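Residue strings, one per chain:
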Amino acid sequence: MAKKKPKWYVVWKGKEPGIYTSWWDAKKQIDGYAGAQYKSYESKTAAQAAWEDPVHAQEVIKENRKTIYYVIWKGRQTGVFTDWEVVKSLIEGFPGPQYKSFGSKQLAQQAYKEGPEKYKGRSFKKTIDMTPADKAKYGMPNEMTISVDAACNAKGDMEYRGVYTYSSDEIFKKGPYKNGSNNVGEFLALVHALAWLKSQKSDLPIYSDSKYAMAWVAKKKTNSKITDPYLMDLVQRAENWLKENEYPNEIIKWQTKFWGEIPADFGRK
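Residues numbered from 1 in each chain as written. Predicted model: local features only at pLDDT ≥ 70, side-chain atom pairs only at ≥ 80, totals over all residues. Heavy atoms only, no water.

## Overview of the pairing of strand β9 (residues 170–177)
Thinking step 1. In this sheet, β9 lies alongside strand β8 (residues 158–164) in antiparallel orientation, the contact comprising 5 bridges. Residue pairing in the sheet places Val 163 in a bridge with Glu 170 of β9.
Thinking step 2. The hairpin turn running from β8 into β9, its antiparallel successor, is 5 residues long, and Ser 168 in that turn takes a positive phi close to 65 degrees. (Pairing = 2+ DSSP bridges. Helix = DSSP H or I, 4+ residues; strand = E, 2+ residues; numbered from the N terminus.)

Laid out in C-alpha cells, this is it:
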C-alpha cells in the first residue's frame, strides 16, 4: 500500500492560528469557531508562504465560496468536512460508509442533521448557499407535493416519471420513447401528473425544473418540433386534456441551485 503523502494545514482564523501537520490538530482550532479560515497544502514551503502572506486570507475566503462540503453520516468520524483527503481517510475501508458532497454549506449542515435517506440518488454538488433574500423568496421545498422530471438514456431515448417529493417513491414512469426530447418529456410528465392527481381528487402541488414545460402547460400548447408519429399523438392528447380539464394543482418551479436535483431526477447529469 502506497504511503500517504503528508499535508500541512494553515489556520489563519481559529482558536490558535498557525501551521499544523495533523488534520485533527487543525480541526480542534476551527471546530465551533465562527468565521474560521483555513486551508491544506501539499508542502511545508507552500504552507509557510501562505501563512506569511497577509493577503492570502482574503483569497481563501473567495475560494471557500466554491468549497465542496462533504457530509459523512457513517464513517470513522461523522460530520461536515471540506477536505476530500480527510474524507477519504474516514470512509476508505469502513464497512457501509454513507456520505455525499454538497456545494452549499447550509444544505450540507441540514443534510447532516436530517440523515441520508432523503438525499439518496440525487446530486447536490452544484448547489449554492441562499442569501437572506433567497430564503425569503424561495425557502425550502414543500415536501407535501409530487415532482416530475424527464431524461434521455444512453441510446438517446426519452423517458419521464413522477415521484412523491418527500420520499422519492415513484408514482408513474413512462418510456423510453424513441426520437423524443427532454422538454417534451417534461411536458408529458406534468400533464400525466395533473391527470393522475385529478383521478385521485388531490390538490397537491407539482414541482418541475423545466420552465419550458411549465410555459407549455400554461398556454395548453407546445412549441415542440418532434416528428415521431407516436410522440406527436401523445403530445396532442396531452394538449387536448389541458383544454378539456380544469385542475386546482399549482405548478411550481424547482430551484435546483438551492435544493439540488429534483427528486424525480434520473441521475444522469
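## Let's talk about the pairing of strand β4 (residues 69–74)
Thinking step 1. Counting buried positions over the 6 residues of β4 gives 5, a clear majority of the element.
Thinking step 2. As paired elements, β4 and strand β6 (residues 98–102) share 5 bridges and run antiparallel to each other. Note that in β6 the partner of Val 71 across the bridge is Lys 100.
Thinking step 3. Between the antiparallel neighbours β4 and strand β5 (residues 79–81) lie 4 residues. (Buried < 20%, exposed > 50% of the residue type's maximum accessible area, 1.4 Å probe, protein only.)

## With respect to the nonpolar core
Thinking step 1. Judged by nonpolar contacts, the single largest core of 28 residues is most densely connected at Tyr 160, Phe 187, Leu 188 and Ile 206.
Thinking step 2. Residue assignment for this core shows that the elements contributing at least two residues are β7 (146–152), β8, β9, α7 (182–199), α8 (211–219) and α9 (229–244).
Thinking step 3. Ranked by residues supplied to this core, first place goes to α7 with 9 residues.
Thinking step 4. Not counting chain neighbours up to four residues away, the residues in contact with Tyr 160 comprise Asp 149, Ala 150, Phe 172, Lys 173, Lys 174, Tyr 177, Gly 185, Leu 188, Ala 189, His 192 and Phe 266.
Thinking step 5. Grouped together as the second largest cluster of nonpolar side chains are 14 residues, Val 11, Trp 23, Ala 26 and Val 86 included. (Core = buried A, V, L, I, M, F, W, Y, C linked by side-chain atoms within 4.5 Å. Contact = heavy atoms within 4.5 Å.)

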